Amino acid sequence: MKKTFLEKESYTGIEIIDNQHLEIIRIGNDLGFLIENSKNRDTIISGLDEFITAVEKHFIYEESLFKNFDYKQAERHIEMHRFYMTSLLEAKKKFVELNVELSGSVANFLNEWVKSHIISLDLTFGNEYLKTAANSVNSI
Ligand SMILES: [Fe+2]
Ligand SMILES: [Fe+2]
């Protein structure tokens, strides 16, 4: 499976967010390895759960920052998070309940979606957030 790598240009500059992004992608890469190499479905389900938990925790944290200032794109951004989470849970459901096979390319797709989301919406958010933080420091 092709591994996903987050380049420095894709860092938002918000340390907690960047660490969470790196963690999600690390777990996603591990998941791809598990899918391709493990014969044990439970092991793959644990990997999927770990990925889902990391994404969920991250979305909650990121969305909590939206409320710290008047972030105009919050609604659209949250919608994309929901869309992704729904697809993710759907993939797990198919695997668990319908016994559908997963391939390494599914994990790659999940990771690449995260990466393109970071490059588009998260970087835009990060820039605005840091600008607002800098402005509030300057106005003290
Ligand atoms: Fe996001
Ligand atoms: Fe994010």
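Residues numbered from 1 in each chain as written. Chains lettered and ligands numbered in written order. Predicted model: local features only at pLDDT ≥ 70, side-chain atom pairs only at ≥ 80, totals over all residues.

K.L.:
Report on unusual backbone geometry, specifying residues and quantitative values.
P.N.:
Keep in mind that most residues, glycine aside, have a negative phi and that most peptide bonds are trans. Its identity is not glycine, yet asparagine 99 carries a phi of approximately 60°, on the positive side. Following the sequence through the fold, asparagine 99 ends up in the loop between helix H3 (74-97) and helix H4 (104-138). The exposure class assigned to asparagine 99 is exposed, which follows from the 8 C-beta atoms found within 10 Å. (Helix = DSSP H or I, 4+ residues; strand = E, 2+ residues; numbered from the N terminus. Buried ≥ 20, exposed ≤ 12 C-beta atoms within 10 Å, placed from the backbone.)

K.L.:
Could you give an account of H3, naming the residues involved and the relevant values?
P.N.:
With 24 residues, H3 ought to run about 34 Å at 1.5 Å a step, and its terminal C-alpha atoms sit 34 Å apart, in line with that. One or two residues past the end of H3 sits asparagine 99, with phi positive at roughly 60°. (Expected span 1.5 Å × (residues − 1).)

K.L.:
Describe the nonpolar core, with residues and values.
P.N.:
Core analysis: the largest hydrophobic core is formed by 15 residues, its most contacted members being Ile24, Leu31, Ile35, Ile44, Phe51 and Val114. Every element with two or more residues in this core is listed here: helix H1 (15-37), helix H2 (41-66) and H4. Of all the elements, H1 adds the most residues to this core, at 6 residues. If we ignore the near neighbours within four places in the chain, the residues touching leucine 31 are Gly47, Leu48, Phe51 and Ala107. (Core = buried A, V, L, I, M, F, W, Y, C linked by C-beta atoms within 7 Å. Contact = placed C-beta atoms within 7 Å.)

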